[in-house]
Amino acid sequence: MEHRLQCSVIQVGTKEADMIATNYRGPYRIRADRNKSMPRMEHPNDAIIRVTRSLICGSDLHLYHGLVPDCRVGSVFGHEFTGIVEEIGSSVQNLKVGDHVVVPFNIACGSCLFCQHQLYGNCNETAPQSAAAAGFFGYSHTTGGYDGGQAEYVRVPFADVGPFIIPDDIDVDDAVLLADAYPTGYQAAEMAEIKPGDTVAIFGAGPVGIFAAKAAQWLGAGRVIVIDKEDYRLEFVKRFAQCEAYNFLEMDDPVLFLKRETDFLGPDSCIDAVGCEASGSKLQGILGVKMLIQAGSAVAVQWAINAVKKGGTVSVVGVYGPTANLIPLGNIVNKGITVRANQASVKRHIPHLIEHIRNGLIKPSEVLTHRVPLEEVADAYHLFSSKLDHCIKPVLIPPRAA
Amino acid sequence: MQESFIPTNSVHGWGVDADKSVRPNYPMWKKSAQGTGAHWTEPEQQLGFNDFHSLERPGPTKVFGKTVAPSGLSGKIRKLAFSYGEGSFAHWMTLILADRINVVEGLIDDVTHGVMPGLLKERGWNVDKQFKTKRYKRVVNLSIMAALLPIVYFVFLKKKNPSNL
């Protein structure tokens, strides 16, 4: 009991077959428990993985703040992790015990119509509770009700499809970012349909926005403008992606600012890398985050649609609830805008993005600012959520990681 | 003016993926040359489904998670939610209501299992000691949210006849 006073781990009913795992207790409340039972094999193509690194994603904050429907108390979060294969099911062929793998956040069957066309973020056979969403690790029952990777062990379904063996020359801290943030940022830039010389505006300088800015350069953008409200993140992205970065708190109207910067035409593409907790509009915030009568605050999309050039492209990778949002639909029509969006199809990006790491174009692990023991997960969430101590992305390390 | 911004260009790696054919996500619908890793035409069905499935699906998916089965009052409300399609507000708003009730059930469950919920510790407020934060603002926000939720429920859900949604 004395131990409990010092850290947030609860020691009740500990058995040998138990493990440490995060435990969601309600909005803004999470803890690590020691008495979570070990994951079991449920399907012949399952694998059990011992987690070595687990990240907290910006989209985990939407769960943490209670904005994602059907997020049940007792859930284990975490969809960005690497780990060592401990056990494989009878039909697993592509993995063996002892492999160190990075696991994409999407759970994909590999054989449905969507998986066949590499739309692994839209698999039709992994999330019974929702036809719209696919299965993700640790992301509410709307995405299948799977236990996540902010734990010592995790069950990985379809082990022959998702997990990617980490090559020897790739550091595990770089590899873990291949599970979500880095491919999502890349795909955000790809969906923005950037042509050489284009001006691209990116809303959000979190890890995904940072990777999107970098990828926009690879795709040939002439000018990359990142908008956020945290100066330390703006400084980081300016250096990391060699782009422009501005604080919208210093602007009267960010849309007008972007118009002025682009000869009153607007950027060719705008990217929403924020999602449903965007600051910047009191109305959106109250309706979306405080009252939940819309699926989160859609400020970033609102700005993106209004700022982008006529005939331009808006790319959305920010996470919103499935209900509905306040966005200027009329202006999508008036301006002839193409809206592209998707959950990143992580698996198809990994080999290409590893090549960029190998060629020294990027060191993804630079965004990892805080290394926190899994037992102190409550502090890590709070640190990340409240942007304390210049946090960009925390990485959780389970005690059995080594 | 915008056209004059074609870079000169000092950015490391600029334009390496300018050619669309090297982009892994282009075109969006594209079969993989290496295959997906699946060695089945249809996966085996995982057994033991004890949850709800969307009305927009004929049944459960081939695999599913079993993290927390529906239970108690919140479970009954979730059951009601799953009687509406995903296209209706009633489905999602009812689920959010169930989530809030589930929080209270979680507190009761903790206490009955001899765990004293660390309401401040679970919020990570331990770290506030190290950094100057406006804790009062958070308390105010949370109380506003708690006060508004029942109103949201009564105004937006209770009055409507769900079958008309």
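For the structure, see preceding data.
Given the structure is predicted, the values throughout are model-derived calculations rather than measurements. (Residues numbered from 1 in each chain as written. Chains lettered and ligands numbered in written order. Predicted model: local features only at pLDDT ≥ 70, side-chain atom pairs only at ≥ 80, totals over all residues. Heavy atoms only, no water.)

## Notes on the overall build of chain A
Argument step 1. Scanning chain A from N- to C-terminus turns up 13 helices and 18 strands.
Argument step 2. Its C-alpha atoms give chain A a radius of gyration of 20 Å, near enough to 21 Å, the size a compact globule of 402 residues would have.
Argument step 3. For chain A, the spread of C-alpha atoms along the three principal axes comes to 65 × 45 × 40 Å.
Argument step 4. Relative to its full complement of 402 residues, chain A shows a buried share of 71%.
Argument step 5. At a minimum sequence separation of 6, the contacts of chain A that also span at least 24 residues come to 70%.
Argument step 6. Just so you have it, chain A exposes about 12,400 Å², and 51% of that area is on carbon and sulfur atoms.
Argument step 7. Taking the 36 positively charged and 44 negatively charged side chains of chain A as two groups, their mean positions are separated by 3 Å. (Helix = DSSP H or I, 4+ residues; strand = E, 2+ residues; numbered from the N terminus. Rg over C-alpha atoms; globule rule 2.2 N^0.38 Å. Buried < 20%, exposed > 50% of the residue type's maximum accessible area, 1.4 Å probe, protein only. Contact = heavy atoms within 4.5 Å. Areas by Shrake-Rupley, 256 points an atom, 1.4 Å probe, with all protein chains shown as cover. Lys, Arg positive; Asp, Glu negative; His and termini not counted. Charge placed at Lys NZ, Arg CZ, Asp CG, Glu CD.)

## Focus: helix 13 (residues 377-385) of chain A
Think of an α-helix as turning once every 3.6 residues; residues three or four places apart then point the same way.
Residue and element names in this part refer to chain A.
Argument step 1. Summarising burial for helix 13: 9 of the 9 residues are buried, a large majority.
Argument step 2. Buried within helix 13 we find Val377, Ala378, Asp379, Ala380, Tyr381, His382, Leu383, Phe384 and Ser385.
Argument step 3. A positive backbone phi angle near 55 degrees is found at lysine 387, which sits one or two residues after helix 13.

## Things to note about the packing of helix 1 (residues 72-81) of chain B against helix 2 (residues 89-112) of chain B
All names here are of chain B.
Argument step 1. Closest axis-to-axis distance for the helix 1/helix 2 pair is 8 Å, and the angle between their directions is 175 degrees. Taken together, the axis directions place helix 1 and helix 2 in an arrangement best described as roughly antiparallel. Facing Gly72, Leu73, Ser74, Ile77, Arg78, Leu80 and Ala81 of helix 1, the residues of helix 2 in contact are His91, Thr94, Leu95, Leu97, Ala98, Asp99, Ile101, Asn102 and Glu105.
Argument step 2. Class assignment for the residues of the contact of helix 1 with helix 2 results in 8 nonpolar, 5 polar and 3 charged. (Axes fitted to C-alpha atoms, helices over the stretch in contact; angles between N-to-C directions. Parallel < 35°, antiparallel > 145°, perpendicular 65-115°, else oblique. Nonpolar A, V, L, I, M, F, W, Y, C, P; charged D, E, K, R; others polar.)

## Quick look at unusual backbone geometry
Argument step 1. Residues B:Tyr26 and B:Pro27 are joined by a peptide bond in cis, for which omega reads -10 degrees.
Argument step 2. Take B:Pro27: it is sitting in the segment before helix 1.
Argument step 3. Phi at A:Glu193 is positive, roughly 55 degrees, even though this residue is not glycine.
Argument step 4. Among the secondary structure elements, A:Glu193 is positioned in the loop between helix 5 (181-191) and strand 11 (199-203).
Argument step 5. Judged by relative accessible area, A:Glu193 falls into the partly exposed class, the value being 30%.
Argument step 6. Phi at A:Asp389 is positive, roughly 50 degrees, even though this residue is not glycine.
Argument step 7. Along the polypeptide, A:Asp389 turns up in the loop between helix 13 and strand 18 (393-397).

So far we have only geometry, and geometry alone does not tell us how the molecule works.
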